[in-house]
Amino acid sequence: VHSYLVRCADNLVAPGPYPQINNKLFGYPSFPLLTQREHVTPDLFCRSNTTGSPHCSDKYCKCPYVIDLPLDSLVEIVLIDISIIRDQDHPFHLHGYSFHVVAMGTVGENVTLDYIRDLNEKGKIPKKLNNAPIKDTVSVPTRGYAILRFVTSNPGYWFFHCHISNHVEMGMALVMKVGDHENMLEEPEDFPTCGSWQRKADSGDEKYYWSSASLVKASYVMLLSLFL
């Protein structure tokens, strides 16, 4: 079982406070990852290990935060809210999938990532593995947790984010990369491309344009800590 801890919280250290996942702010790339994946370069993303990353200054990181998931695996996501400056649930939405909500609970002011990790690894969190409700959005309780499971049967780059508008805009989000590029469907012919706005080269032309399962045994477990 592979474990992903996802912590969501408000960072009180400069330059915060900012809504974060695992001490990272999501920085939006200038092109869609799924349909223009030929532009993806190895240094574009930051991942769980940020040691020496050019995207980070001290413990502050802003980048396209990506988690790699193998195709056709049962994944468990543990979302943990460790916010200390406000009482607010985080409604998290996953693109490209529906998931089963197998557990949810509140802990209180003493909630930590390590505490929830320990409970989960020791099997002390009761989980509904039969007839669990199917959602594409779940509200993570204040100073609590929500546990999701789904099978990675849809290859691609899939956005996972808090659905509070200013939270997602400021960076409480990540992308799940399921499978490899060769597993992903090709975009339709003549599909529009995106990038930065630029003027056409033709003199006098002022137009703008875009430049170019079973739920019993999880093979991946992801814990996400939410901080706000």
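Residues numbered from 1 in each chain as written. Predicted model: local features only at pLDDT ≥ 70, side-chain atom pairs only at ≥ 80, totals over all residues. Heavy atoms only, no water.

## Quick look at the nonpolar core
Then step 1. Counting 41 residues, the largest nonpolar core has Ile77, Leu79, Phe150 and Phe160 as its most contacted members.
Then step 2. Residue assignment for this core shows that the elements contributing at least two residues are strand 6 (66–69), strand 7 (74–81), strand 8 (90–94), strand 9 (99–106), strand 11 (137–140), strand 12 (144–151), strand 13 (156–162) and strand 14 (173–178).
Then step 3. Judged by nonpolar contacts, the second largest core, of 15 residues, contains Ile80, Ala103, Leu113 and Ile116. (Core = buried A, V, L, I, M, F, W, Y, C linked by side-chain atoms within 4.5 Å. Buried < 20%, exposed > 50% of the residue type's maximum accessible area, 1.4 Å probe, protein only. Helix = DSSP H or I, 4+ residues; strand = E, 2+ residues; numbered from the N terminus.)

## A short note on helix 1 (residues 113–121)
Then step 1. Those residues of helix 1 lying buried are Leu113, Ile116, Leu119 and Asn120. Buried residues of helix 1, viewed axially, fall in a sector of 135°; they line one side. In helix 1, the exposed residues that point more than 90 degrees away from the buried face are Asp114 and Glu121. (Arc of directions from axis to C-beta.)

## Some details on the state of the cysteines
Then step 1. Following the criterion strictly, the structure yields one disulfide and no others.
Then step 2. Paired by a disulfide, Cys46 and Cys63 hold their sulfur atoms 1.7 Å apart. Negative torsions about the S-S bond denote left-handed disulfides, and the value of about 55° found for Cys46 with Cys63 makes this one right-handed. Of the two residues, Cys46 sits in the loop between strand 3 (24–26) and strand 4 (56–57) while Cys63 sits in strand 5 (residues 60–63), which places them 17 residues apart along the sequence. (Disulfide = S-S within 2.5 Å.)

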